[in-house]
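So you can see what is in the structure, the chains are spelled out below.
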Amino acid sequence: MDFGLAGKAILVTGGTRGVGRGISEALLDAGARVAAGYGGNHEEAKRFLESRATEKSSRGLLVIPADLAREEDHEKLLDAVREAFGPLDGLVNGAAIKVPEDQLGLPQLAQMAVVNAIAPVSLTYRALDFFSPRGASVVNILTVLKEVYYPEPPQARAMVHHGASKGYLETASKLMMDECRHRGVRVNCIAPGPTRGGGLSKSEATHAERFRHGQYGMKRRAEIADVAAAVLFLLSPCSSHITGQTLYVAGGQERAPFFYPRQKE
Ligand SMILES: NC(=O)c1ccc[n+]([C@@H]2O[C@H](COP(=O)([O-])OP(=O)(O)OC[C@H]3O[C@@H](n4cnc5c(N)ncnc54)[C@H](OP(=O)(O)O)[C@@H]3O)[C@@H](O)[C@H]2O)c1
């Protein structure tokens, strides 16, 4: 489907790996120019660039290291994108981290809160001066775990913190929508369920097994392509009258009170 994104300039944070990389690739395939931000995994970023080297669309791909936990990197990231592309047509806030269950100290959690929740809001406000005067779209990537409890030890508490960080981002998206609409900028969210190929997912085998025996939803995990299609829709003129919304890409899992039935201890 043609979403009318050819030539558009889109910044995707966390855009070199996992779900973010899939979004970057779908945008490139749709003819968009993509600046893919990443935290510090240069090897993965290089691999991504190399994987696109033979494609015509690779001319529209930049990878930019910028640690979103560092305020000065926000400015650096936006400057680099503006220098390369000019005004931005879209921003996808996809970068996120999860703190391992055995490291849930305040400093680690504070770092997670900055990267997952505060940085996307702050970056969006900074980007308001960088967006195209023709209008722009911001898409924040949440998770269904912002409201569905994940009861399996050993990750349950880590997932509570991760999910709650996305709850902050969802609330902020709705609150900032009003200021943004006066600048011609829409702000929406995507809430994926567990997604095959995302680095923050549990192990593939465990997930596959759980889903096969699941009692909810579509009985499969999301594919990165499912998430990317929803992001492209929200970036595109096809959704030009939609703002302040959250679109679930979770096979109906958001209607379930638990991630899956608690296992016998
Ligand atoms: N995986 C899932 O099942 C799932 C389900 C629902 C929602 N989501 C959401 O989808 C998004 C992507 O998840 P994923 O599983 O694909 O993650 P991932 O594979 O771990 O990739 C995370 C990306 O974020 C970047 N990043 C991490 N810390 C950063 C920092 N401080 N500054 C800048 N960039 C940073 C990473 O850069 P480096 O490569 O440099 O580290 C990487 O590009 C997240 O928002 C996540 O909450 C994922």
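For the structure, check the block above.
About the thresholds
- Residues numbered from 1 in each chain as written.
- Predicted model: local features only at pLDDT ≥ 70, side-chain atom pairs only at ≥ 80, totals over all residues.
- Heavy atoms only, no water.
- Pairing = 2+ DSSP bridges.
- Helix = DSSP H or I, 4+ residues; strand = E, 2+ residues; numbered from the N terminus.
- Axes fitted to C-alpha atoms, helices over the stretch in contact; angles between N-to-C directions.
- Contact = heavy atoms within 4.5 Å.
- Core = buried A, V, L, I, M, F, W, Y, C linked by side-chain atoms within 4.5 Å.
- Buried < 20%, exposed > 50% of the residue type's maximum accessible area, 1.4 Å probe, protein only.
- Near = heavy atom within 4 Å.
- Polar contact = N/O pair within 3.5 Å; in protein donor to acceptor, adjacent residues only side chain to side chain.
- Areas by Shrake-Rupley, 256 points an atom, 1.4 Å probe, with all protein chains shown as cover.
- Nonpolar A, V, L, I, M, F, W, Y, C, P; charged D, E, K, R; others polar.
- Right-handed = clockwise from strand over helix to strand, strands pointing away.
- Arc of directions from axis to C-beta.
- Salt bridge = Lys/Arg side-chain N within 4 Å of Asp/Glu carboxyl O.

## Some words on the sheet that holds strand β2 (residues 33–38)
- Reading across the sheet, the 7 strands line up as β3-β2-β1-β4-β5-β6-β9 and stay open at both edges, with parallel pairing between neighbours. One side of each edge strand has no neighbouring strand; the edge strands of this open sheet are β3 (61–65) and β9 (246–249). Averaged over neighbouring strand pairs, the angle between their axes works out to 20° when direction is ignored.
- In the sheet, strand β5 (residues 136–141) pairs with strand β6 (residues 185–192) via 6 bridges, with the strands oriented parallel. Looking at the pairing, V138 lines up with V187 of β6.
- Along the sheet, helix α4 (residues 106–127) contacts β1 (9–13), β4 (90–93) and β5; its crossing angle with β4, the most-contacted strand, is approximately 170°.
- Packing of helix α5 (residues 156–182) onto the sheet brings it into contact with β5, β6 and β9, and relative to β6 it is tilted by some 160°.

## Regarding the nonpolar core
- Judged by nonpolar contacts, the single largest core of 31 residues is most densely connected at L11 and F131.
- Secondary-structure elements contributing two or more residues to this core are β1, α3 (71–85), α4, β5, α5 and β6.
- Residues contacting F131, with those up to four places away along its chain left out, are P87, L88, G90, L91, T124, A136, V138 and V185.
- In terms of nonpolar packing, the next biggest core, distinct from the first, is built from 28 residues, A36, V139, I190 and L235 among them.

## Comments concerning the site of the ligand
- Contacts to the ligand come from 30 residues, most closely from R17, V19, G40, K166 and S201.
- One nitrogen or oxygen atom from the side chain of R17 is found 2.6 Å from an oxygen atom belonging to the ligand.
- For the ligand, an oxygen atom lies 2.9 Å from a polar atom in the backbone of G39.
- With the chains in place, 92% of the 890 Å² that the ligand exposes on its own is no longer accessible.
- Classifying every residue of the shell around the ligand by side-chain character gives 13 nonpolar, 14 polar and 3 charged.

## A few points about the pairing of β3
- In this structure, β2 lies alongside β3, joined through 5 bridges in parallel fashion. Paired with G37 across the strands is I64, a residue of β3.
- For the crossover from β2 across helix α2 (residues 42–51) to β3, the handedness is right-handed.

## Let's talk about α2
- Within α2 the residues assigned to the buried category are E44, A45 and F48. The arc that holds the buried residues of α2, viewed along the axis, is 100°, so those residues lie on one side.
- Here the buried face of α2 lies against α1 (18–29), β2 and β3.

## Digging into the pattern of salt bridges
- Tallied over the full model, the rule gives 18 salt bridges.
- Across the salt bridge formed by R52 and D29, the nearest N and O atoms sit 2.8 Å from each other. Of this pair, R52 sits in the loop between α2 and β3 while D29 sits in helix α1, and the two are 23 residues apart along the sequence.
- A residue is classified by how much of its surface remains accessible, and R52, at 5% relative accessible area, is buried.
- Judged by its relative accessible area of 57%, D29 is exposed.
- D226 is the partner of R220 in a salt bridge, and the nearest nitrogen-oxygen pair spans 2.8 Å.
- Overlapping salt bridges, with partners in common, bring together R70, E72, D73 and K76 in one network.

Shape descriptors only; they carry no functional weight alone.
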